[in-house]
Amino acid sequence: MSNINVGRVIGGGLLAGVVYNAGEAFLNLVILKDAGDAMVKRLSIPPIGDEFIMKATLMMFVVGVVNIFLYAAIRPRFGPGPKTAAFAGLAIWFLSFVYLSLMMTWMGVFEMGPTITGLAFELVEAILASLAGAWIYKE
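Right, let's walk through the structure included here. (Residues numbered from 1 in each chain as written. Predicted model: local features only at pLDDT ≥ 70, side-chain atom pairs only at ≥ 80, totals over all residues. Heavy atoms only, no water.)

**Quick look at the environment of Y71**
Residue placement: Y71 occurs in helix α3 (residues 50-78). With 21 residues separating them in the primary sequence, Y71 and D50 have C-alpha atoms 32 Å apart. The residues touching Y71, leaving out its near neighbours within four places in the chain, are P80, G81, T84, A85, A88, A134 and Y137. (Helix = DSSP H or I, 4+ residues; strand = E, 2+ residues; numbered from the N terminus. Contact = heavy atoms within 4.5 Å.)

Shown next, in the form of structure tokens:
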């Protein structure tokens, strides 16, 4: 069994983070903008500000690194390549996006329609981010 190349995990994870951040920006500023504006109004909360955006951006880079760490960890069992990267992206999607989105929807914060739209978009986003980061990763 080979060791995980930490430098490549970080490099690939940062690339995955770029994909995640670009996807989330497009999703939230274009596709779900009206739903987000309606949610802010409905919940009587202040609009999302720069501090939140900075924290969310940083967190998506962390998600990217975790994604590629997971890819590196499962490579010995599933083999290197896009199929394994897609599995890692699918796991990240389920454990982060699906879980959080459904919890927030069931609590009444999000509405089901935008949640389904977001989850479908984020499934593609997570797989693309994982593929991009895995492209960098070598042991």
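Having seen the structure, we can now continue with the description.
**Considerations on helix α5 (residues 112-136)**
Compared with the 36 Å implied by 1.5 Å per residue over 25 residues, the 36 Å span of α5 between its first and last C-alpha is a close match. Among the residues of α5, T115, G118, L119, E122, E125, A126, A129, S130, A132, G133 and A134 are the ones counted as buried. Looking at the buried residues of α5, the elements they touch are α1 (6-31), α3 and α4 (82-106). (Expected span 1.5 Å × (residues − 1). Buried < 20%, exposed > 50% of the residue type's maximum accessible area, 1.4 Å probe, protein only.)

**Some thoughts on the packing of α3 against α4**
Helix-helix packing is characterised by the crossing angle of the two axes and by the distance between the axes. Interhelical geometry of α3 versus α4 gives an angle of 135° and a closest axis separation of 8 Å. It follows from the interaxial angle that α3 and α4 lie oblique. At the point where α3 passes α4, the crossing takes the right-handed sense. For the pair α3 and α4, contact is made by M60, V63, V66, N67, L70, Y71, I74, R75 and F78 and by T84, A85, F87, A88, G89, A91, I92 and F97, respectively. Of the residues in the contact of α3 with α4, the class split is 13 nonpolar, three polar and one charged. (Axes fitted to C-alpha atoms, helices over the stretch in contact; angles between N-to-C directions. Parallel < 35°, antiparallel > 145°, perpendicular 65-115°, else oblique. Left-handed = near helix turned anticlockwise from the far one by under 90°. Nonpolar A, V, L, I, M, F, W, Y, C, P; charged D, E, K, R; others polar.)

**Thoughts on the nonpolar core**
Formed by 20 residues in total, the largest nonpolar core has its most connected members in Y20, Y71, W93, F97 and Y137. The set of elements that each furnish at least two residues to this core consists of α1, α3, α4 and α5. Apart from residues lying up to four places away in sequence, Y137 is in contact with N3, I4, N5, R8, V9, I68, Y71, A72 and R75. (Core = buried A, V, L, I, M, F, W, Y, C linked by side-chain atoms within 4.5 Å.)

**Remarks on the pattern of salt bridges**
Counted under the stated rule, the structure contains four salt bridges. The salt bridge partner of E111 is R42, with a shortest N-O separation of 3.6 Å. Residue E111 is found in the loop between α4 and α5, and its partner R42 is found in helix α2 (residues 33-43); the two are separated by 69 residues along the sequence. Here R42 falls in the partly exposed class, since its relative accessible area comes to 37%. (Salt bridge = Lys/Arg side-chain N within 4 Å of Asp/Glu carboxyl O.)

**Topic: a nonpolar patch on the surface**
A surface patch of nonpolar side chains, amounting to about 670 Å² of accessible area, comprises Y99, L100, M103, W106, M112 and I116. Looking at the nonpolar patch, the elements with two or more residues in it are α4 and α5. In this fold, L100 is placed in helix α4. (Patch = residues over 30% accessible without salt bridge, like charges linked within 9 Å, V, L, I, M, F, W, Y side chains within 5 Å. Areas by Shrake-Rupley, 256 points an atom, 1.4 Å probe, with all protein chains shown as cover.)

**Things to note about the packing of aromatic side chains**
Counted according to the given criterion, the structure contains four aromatic pairs. Seen from their ring centres, Y71 and Y137 are 6.1 Å apart, and the 90° between their planes marks the pair as edge-to-face. Of this pair, Y71 sits in helix α3 while Y137 sits in the segment after α5, placing them 66 residues apart in sequence. Grouping residues by exposure puts Y71 and Y137 together as buried. (Phe/Tyr/Trp six-rings, centres within 6.5 Å; stacked < 30°, edge-to-face > 60°.)

**What about α1?**
Here α1 contains 26 residues, and its C-alpha end-to-end distance of 35 Å stays within 8% of the 38 Å for a straight helix at 1.5 Å per residue. Among the residues of α1, V9, G12, G13, A16, G17, Y20, N21, G23, E24 and L27 are the ones counted as buried. Taking the backbone nitrogen of G7 as reference, a side-chain oxygen 3.3 Å away marks N5 as the first, capping residue of α1. (Polar contact = N/O pair within 3.5 Å; in protein donor to acceptor, adjacent residues only side chain to side chain.)

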